[in-house]
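Commentary on secondary and tertiary structure
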Number of protein chains: 2
Amino acid sequence: MSGAHPIVAPIGAEPAPVSQTRDGNSSSRIAELIRDAILRGEYRPGARIRQEDVAQRFGASRVPVREALRTLEADGLVTLVANAGAWVSQLSPAECDEVYQTRERVEPLLLRYAMPGIDAATLDRLDELVQEMRQTDDVEEFLRLDRQFHLGSYASARTTVLGDLVHRLWNTTQHYRRAFTLLLDEHSARVVHDEHHMLVTALRDGDGTGAESVLAGHIRRTRLGLSRHPEVFDLTD
Amino acid sequence: MSGAHPIVAPIGAEPAPVSQTRDGNSSSRIAELIRDAILRGEYRPGARIRQEDVAQRFGASRVPVREALRTLEADGLVTLVANAGAWVSQLSPAECDEVYQTRERVEPLLLRYAMPGIDAATLDRLDELVQEMRQTDDVEEFLRLDRQFHLGSYASARTTVLGDLVHRLWNTTQHYRRAFTLLLDEHSARVVHDEHHMLVTALRDGDGTGAESVLAGHIRRTRLGLSRHPEVFDLTD
DNA sequence: ACTCGCCAAATTGCATGCAATCTGCCATGA
DNA sequence: TCATGGCAGATTGCATGCAATTTGGCGAGT
């Protein structure tokens, strides 16, 4: 995520490079591959990541792997300890709560940035996603759709730092969303779907304040739900 | 900043390493040195950073320098372009506005986290800083005191991600705060000082909501001030 | 049975060197 | 005069190899 939107196209004292992020970069590629593996749940929180393993797996030497791990550390997905190694980051209940409180304040802002760019086609697509979420029973499928729904609602925001920040917050809490989704009873699930629907309705009505408020409440509800299920953080791997 | 508070002490499937961040790490050390140089203004926005130069300057090879640059890229202080090089990041007016809007929402939250830990001694120290800011005429001194004041008011917050996030936001806007401070007329400066004083008063009264609101307004005022001075972003290096 | 200290294997940290790519300048031609 | 192509120097990207540190188990001692 980070690096996807460079803070600025470098224009400097010295001639600016062409801004074509070729990304033929081995370390960027590896960072993305490890990130995906973590988000998919292939690497689980607390699991150790050995440089040599990753290097061999992706056909590179340990140097670009180390750079990728630095990137992921800053993303909050990996915890590095000098001379000891790298582990997939874990969140304590308090830390997860912190991330959700941050999301509660920041995502409505990002949504506001996105609103001018949300057209009818986007709204229809969001409605579709709400329906698909209502119909699926598969946790992984739900997670994928939920992510598509929310990040999709932000997609038209022409931001640089804020979009990246929200992506990071989503990534660091991905595991706990997965565990929490498993615990959703039918009533809670219905509330979630209704809130999604209310969000789309507010967006369709051009009600920015309403949309912000629905979204904040939605995140808040999830945060409170998580705080009632500390067992989500027991990683009996 | 990032890495100072690992998301969590790694406790995992495999034996957990001792959490003593020895930081004898060459790349961490170099990241910090470059970060300081950027914040001091020694490297200016848009300036190119050559790996070999940094390596020689700090007595290391290019490998740890590259890792440090990756860290700083994720911090938003450096922009990397594959096969071309590293530049000190620049913010466009729109991006800076974005960062300030984010701060406006996030810093009051961090302040709320900090409040329970703010004792009388801290409040006295904050008052002292307000006085010192009133008295100084030196821009660098003011910047230093202002940073101490605000980050100091957050210091007792026992957070992990939120504290780091705020530090990052402060760092990426440091150059523009410096340029903006130069433009402050006497009236605006007085308003700033008064707001600082109001913040301490609210904190002393245990008025959390008031403190949050003063802080949000303070950041907002600065943001609007910046938007009236686009020349701050002309980097005639 | 339990603790402590030590040693070999495993792993990380980094310097070196070479290949790939880009930058900036100069020659060539319109 | 200006645009274009291409080459040499400079710079980045990465594989290799070695030194430093940690890990985990074994044995001595209590």
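First, a word on scope: everything that follows refers to the structure included in this document.

Each value, and the rule that gives it
- Residues numbered from 1 in each chain as written.
- Chains lettered and ligands numbered in written order.
- Predicted model: local features only at pLDDT ≥ 70, side-chain atom pairs only at ≥ 80, totals over all residues.
- Heavy atoms only, no water.
- Helix = DSSP H or I, 4+ residues; strand = E, 2+ residues; numbered from the N terminus.
- Contact = heavy atoms within 4.5 Å.
- Areas by Shrake-Rupley, 256 points an atom, 1.4 Å probe, with all protein chains shown as cover.
- Pairing = 2+ DSSP bridges.
- Axes fitted to C-alpha atoms, helices over the stretch in contact; angles between N-to-C directions.
- Phe/Tyr/Trp six-rings, centres within 6.5 Å; stacked < 30°, edge-to-face > 60°.
- Buried < 20%, exposed > 50% of the residue type's maximum accessible area, 1.4 Å probe, protein only.
- Lys NZ or Arg CZ within 6 Å of the ring centre and 35° of its normal.
- Core = buried A, V, L, I, M, F, W, Y, C linked by side-chain atoms within 4.5 Å.
- Polar contact = N/O pair within 3.5 Å; in protein donor to acceptor, adjacent residues only side chain to side chain.
- Salt bridge = Lys/Arg side-chain N within 4 Å of Asp/Glu carboxyl O.

A separate point is the overall build of chain A. Each helix and strand counted, chain A has nine helices and three strands in total. The N-to-C order of helical and strand elements in chain A reads α-β-α-α-β-β-α-α-α-α-α-α. Relative to all contacts within chain A whose residues are 6 or more apart in sequence, the contacts with residues 24 or more apart total 74%. Of the accessible surface of chain A, which amounts to about 10700 Å², a share of 49% is contributed by carbon and sulfur atoms.

Residues and elements named next belong to chain B. Ordered by their spatial adjacency, three strands build an open sheet running β1-β3-β2, and the pairing between neighbours is antiparallel. Where the open sheet ends on each side, the last strands, each with one partner, are β1 (48-49) and β2 (78-81). Pairing of β1 with strand β3 (residues 85-88) involves two bridges; the strand directions are antiparallel. Residue pairing across strands places Arg48 opposite Trp87, the latter belonging to β3. Sitting on the sheet, helix α3 (residues 62-75) is in contact with β1, β2 and β3, with an inclination near 115° to β2.

Take the packing of aromatic side chains next. Across all of its chains, the model carries two aromatic pairs over all chains by this definition. When the ring of A:Tyr176 is compared with that of A:Phe233, the centres are 5.0 Å apart and the planes differ by 25°; the resulting orientation is stacked. Taken as a pair, A:Tyr176 in helix α7 (residues 161-182) and A:Phe233 in the segment after α9 (208-227) lie far apart in primary sequence, 57 residues in all. Both residues of the pair, A:Tyr176 and A:Phe233, count as buried. It is B:Arg103 that lies over the ring of B:Tyr100; its NZ or CZ is 4.9 Å from the centre.

Moving on: the nonpolar core. Grouped burial of nonpolar side chains is what soluble globular proteins tend to show. In terms of nonpolar packing, the biggest core is built from 83 residues, with A:Phe149, A:Leu199, A:Leu203, B:Phe149, B:Leu199 and B:Leu203 touching the most fellow members. Non-local contacts of B:Leu199, meaning those with residues more than four positions away in its chain, are made with B:Leu111, B:Phe149, B:Ala211, B:Val214 and B:Leu215.

What follows is about the pairing of β3(B). All names here are of chain B. Bridging between β2 and β3 involves four bridges; their strand directions are antiparallel. Looking across to β3, one finds that Leu80 is bridged to Ala86. The antiparallel pairing of β2 with β3 creates a hairpin that spans three residues between the two strands, and Asn83 there sits at a positive phi of about 60°.

With that out of the way, let us pick up unusual backbone geometry. For residues other than glycine, phi is negative in most cases, and the peptide bonds are mostly trans. With phi around 65°, A:Asn83 is a residue other than glycine that occupies positive phi space. Assignment of secondary structure puts A:Asn83 in the loop between β2 (78-81) and β3 (85-88).

What follows deals with the environment of A:Arg57. Residue and element names in this part refer to chain A. Looking at the element boundaries, Arg57 is found in helix α2 (residues 51-58). Exposure remark for Arg57: the relative accessible area of 41% places this residue in the partly exposed category. The contacts of Arg57, once residues within four sequence positions are left out, are Arg40, Glu42 and Tyr43. A distance of 2.6 Å separates polar atoms of two side chains, one belonging to Arg57 and the other to Glu42.

Let us now look at the pattern of salt bridges. Counted under the stated rule, the structure contains 42 salt bridges over all chains. Across the salt bridge formed by B:Arg57 and B:Glu42, the nearest N and O atoms sit 2.6 Å from each other. With B:Arg57 in helix α2 (residues 51-57) and B:Glu42 in the loop between α1 (26-40) and β1, the pair connects residues that are 15 residues apart, well separated along the chain. Judged by relative accessible area, B:Glu42 falls into the partly exposed class, the value being 42%. The shortest N-O distance in the salt bridge between B:Arg125 and B:Glu128 comes to 2.9 Å. Residue B:Arg125 and its partner B:Glu128 are located together in helix α5 (residues 120-135), separated by three residues, close to a single helical turn. Overlapping salt bridges, with partners in common, bring together A:Arg66, A:Arg70, A:Glu73 and B:Glu67 in one network.

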